[in-house]
Each structure stands twice: as C-alpha cells, then as structure tokens.
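Here is how the chains run, residue by residue.
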Amino acid sequence: MSILNRRRFLAISAAALAVPTGAAASVARWTGHALGGPVSMQLVGLSQADADKVFATVEAELDRLEDIFSLYRDKSELSRLNKFGKIGDPSAELLHVLSACASLHAASDGQFDPTVQPLWQAIALNGDDNAIATAKAAVGWSKVQFDALQVSLPKGGGLTLNGIAQGAVTDRIAALLRGQGLRDVLVDMGEIAAMGQGPKGPWSIGVAMTDGTLVHRLTATDRAIATSVPMAMEIGGTQGHILSPTGAEPVQELVSVSAPTAMIADGLSTALCLVDDATAARIVAGFPDAKIEVMTSAT
C-alpha cells in the first residue's frame, strides 16, 4: 500500500470540503493527481489564463516531490530506502520531514512512529502471529539513523510517511505560491493550507466523517488544517489504518488539528488518534499555536 493512499479516503470527506465563503472575487481553480490521490488549489484574484501558468509550475514541483516521497515510484527516495534499507545523499526535503518525525515521536511518547510500516503490511496481508511478531521486532524510531550523508533502517524495517508527508507537500506548494507573490490561496494536497482570504473573507473549512457527515466547520486565514479518521480505511478486516507501534487500535474516531504548518497539523492529527483526550491536550500544548479543532472518541 502506498505511503499516502491510506489517507486519501479523507480527501473527499474532509479536505475537499474547504470552500470559499463567497464568490465576489474571481477564483481560478486547479485539480490534479499526486501522491496517490486528488489534489487541488484555488487562487483568488487571478484569471484562469494567468493562473494556468502558476499551475504548471506547481505541477512540476509536485513531480519533483513525488520523486522523494512517493511509493508509487520505484526510484523515489522513500521507495529506495525501504527496498535497500539505506540511501545516501538524502534530499533536504526528506531530512526535513524525518526531523519533524523525531520531534513528533518524542512529543507523543512514541505514539507517532513512522517505522510501523512492516507491522501495517503484516496486518493488512492478514499475517499470522509469527509474521506480526517479526514485523513488531523491526518497529522502533530509535532504530532509524539519518544525517546529511545517509538514512538507514534496521533489518526488515520500513517507513511510512503517511501521517506527515501530505502536510509537508502542502507546505512546500504553499511556499512556492507565496514566492510567486500570491497571498489569497487555498491549497489542498490531502491536508489544507488556507492562505490569506477567500473571495469574501476567511476561508471556510469543513470537517466531515467518511460518509460525508459534517462534524465541524471553521474559518481560517494563514493556517493549516489536517484531519485523520482511522476507520477511513480498514486493514486486516476490521482494524483502522492508523497504528500505534504496538499495533494497538486508535482510541479516537476523528481528529482535526490546525497549526501554522500543514506538516505539524498532519503529524499531530495522526498521533492524537492513538491517545486519550488528556494526553492529546498535553501533546498539542508542546507545539506553539497548534489547536485541536475537533476530536471524537472511538468508544
């Protein structure tokens, strides 16, 4: 299963519900496909013809980022890392995400752990107890080594950046658009970056369950929003796709987090699915200006 495909079940039910609060100003729109699912952008105040030039630049950048993070591409950095157990000369983007993973792992008492990939695969393939035990032995963030020269994994190890890479890509595209001089933009790369204003004020963001039930709506200006729903996809027949390092099932049904960056919002929304309300509040308090927008218990 690809790095990001699991979270794509949320693209329609949560991220794609982001809509401008009005239509007074012109809005140029773009939709595409990247990292295994649909992506989109809205640019306020540009004609479609002018915006198309910007969108072409974005498409090129998404292609470059897929060469780093995509598991659909055999030669991407992440695919090669998981296949060979190590890569040399890692990109700055990959190191940036791995550093964020380390921070989130520490802040969440180890609940956020990208090394669950072998365990995820074992459960998804309905592995027996021996296969699952072997996979668990390869899990552990402390076993991952990375610096500017090399990234290496333990024997049998693998990484899923499923709970953070979409946010990192969202941030990168938002930064690219700011570099183009654009200020009123909505970026949806699986997680949302709401920059500036919509046509008639702050952007309106809807958070919904996978059946489309709206559970929360917020307005956002210069803020990122990420939503996780563990049962958006089931693995092994009945288990939600977001796993703790021990394979324990999530305790939250839905978590939506806003933060200054989509990468942090993404990582937090993933981690908080695995902890109780009090622990979630403590974790979020460690990240300046991050906020739990809505969280519903799985029980």
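Our structure's up above, just so we're on the same page.
Here goes a summary of the coordinates provided. (Residues numbered from 1 in each chain as written. Predicted model: local features only at pLDDT ≥ 70, side-chain atom pairs only at ≥ 80, totals over all residues. Heavy atoms only, no water.)

1. Details of the overall build of the protein
Argument step 1. Helices and strands together make up the secondary structure of the protein, namely nine helices and 14 strands.
Argument step 2. What you see for the protein is a C-alpha radius of gyration of 19 Å, in line with the 19 Å of a compact globule of 299 residues.
Argument step 3. Viewed in the frame of its principal axes, the protein has a C-alpha envelope of about 60 × 45 × 35 Å.
Argument step 4. Per-residue burial over the protein gives 57% buried out of 299 residues.
Argument step 5. Long-range pairs, those at least 24 residues apart, make up 66% of the contacts in the protein between residues at least 6 apart in sequence. (Helix = DSSP H or I, 4+ residues; strand = E, 2+ residues; numbered from the N terminus. Rg over C-alpha atoms; globule rule 2.2 N^0.38 Å. Buried < 20%, exposed > 50% of the residue type's maximum accessible area, 1.4 Å probe, protein only. Contact = heavy atoms within 4.5 Å.)

2. Points about helix H9 (residues 277-285)
Argument step 1. All of the buried residues in H9 are Ala-280, Ile-283 and Val-284. Taken down its axis, H9 places every buried residue within 95° of arc, on the same side. Projecting away from the buried face of H9 at angles above 90 degrees are the exposed residues Ala-278 and Ala-285.
Argument step 2. On its buried face, H9 sits against helix H4 (92-107), helix H8 (262-272) and strand S14 (291-297). (Arc of directions from axis to C-beta.)

3. Concerning the pattern of salt bridges
Argument step 1. Within the structure shown, the criterion is met by eight salt bridges.
Argument step 2. The salt bridge involving Arg-73 is made with Asp-67; its shortest N-O contact spans 2.8 Å.
Argument step 3. Here Arg-223 ties to Asp-289 by a salt bridge, and the two come within 3.2 Å at their closest N and O atoms. Pair noted here: Arg-223 is in strand S10 (residues 223-228) and Asp-289 is in the loop between H9 and S14, with a separation of 66 residues, a long-range link. (Salt bridge = Lys/Arg side-chain N within 4 Å of Asp/Glu carboxyl O.)

4. Quick look at empty space enclosed by the protein
Argument step 1. Per the stated rule, a full pass over the model turns up two cavities of 30 Å³ or more.
Argument step 2. By volume, the largest cavity amounts to about 170 Å³.
Argument step 3. Asp-113, Val-116, Thr-160, Leu-243 and Thr-270 are, among the 16 residues lining the largest cavity, the residues nearest its centre.
Argument step 4. Residues belonging to the lining of the largest cavity are distributed by class as follows: eight nonpolar, six polar and two charged. (1 Å grid on protein atoms, 1.4 Å probe; cavity = no way out; pocket = protein on both sides within 12 Å on 5 of 7 lines; lining within 4 Å. Points joined across faces, edges and corners; volume = space filled by probe spheres on them. Nonpolar A, V, L, I, M, F, W, Y, C, P; charged D, E, K, R; others polar.)

5. A word on the sheet that holds strand S4 (residues 145-146)
Argument step 1. Overall, antiparallel pairing links the three strands, which are arranged S3-S5-S4 in an open sheet. Whereas interior strands pair on both sides, the edge strands pair on one side only; in this sheet they are strand S3 (86-88) and S4.
Argument step 2. Bridge count for S3 against strand S5 (residues 150-152) is three bridges, and the pairing is antiparallel. When the bridges of S5 are listed, Ile-87 appears paired with Val-151. (Pairing = 2+ DSSP bridges.)

6. Digging into the packing of aromatic side chains
Argument step 1. For the structure shown, the criterion picks out two aromatic pairs.
Argument step 2. The interplanar angle of 35° and the centroid separation of 6.2 Å between the aromatic rings of Trp-30 and Phe-55 together place this pair among those described as tilted. Here the residue Trp-30 occupies a position in strand S1 (residues 27-34), and Phe-55 occupies one in helix H2 (residues 48-69), the gap between them amounting to 25 residues. Phe-55 carries the same exposure label as Trp-30, and that label is buried.
Argument step 3. Seen from their ring centres, Trp-141 and Phe-146 are 6.2 Å apart, and the 55° between their planes marks the pair as tilted. (Phe/Tyr/Trp six-rings, centres within 6.5 Å; stacked < 30°, edge-to-face > 60°.)

7. Concerning the sheet that holds S10
Argument step 1. Across the sheet, which stays open at both edges, the seven strands sit in the order S1-S2-S6-S7-S10-S13-S14 with antiparallel pairing between neighbours. In this open sheet, the two edge strands, each paired with only one partner strand, are S1 and S14. With strand direction ignored, the average angle separating the axes of adjacent strands in the sheet is 10°.
Argument step 2. Examined bridge by bridge, strand S6 (residues 185-188) and strand S7 (residues 192-195) share four bridges and lie antiparallel to one another. From the neighbouring strand, Val-187 faces S7, where its bridge partner is Ala-193.
Argument step 3. On top of the sheet, H8 reaches S7, S10, strand S13 (252-259) and S14; it is set at about 160° to S13, its chief contact. (Axes fitted to C-alpha atoms, helices over the stretch in contact; angles between N-to-C directions.)

That's the geometry; what it means functionally is another story.
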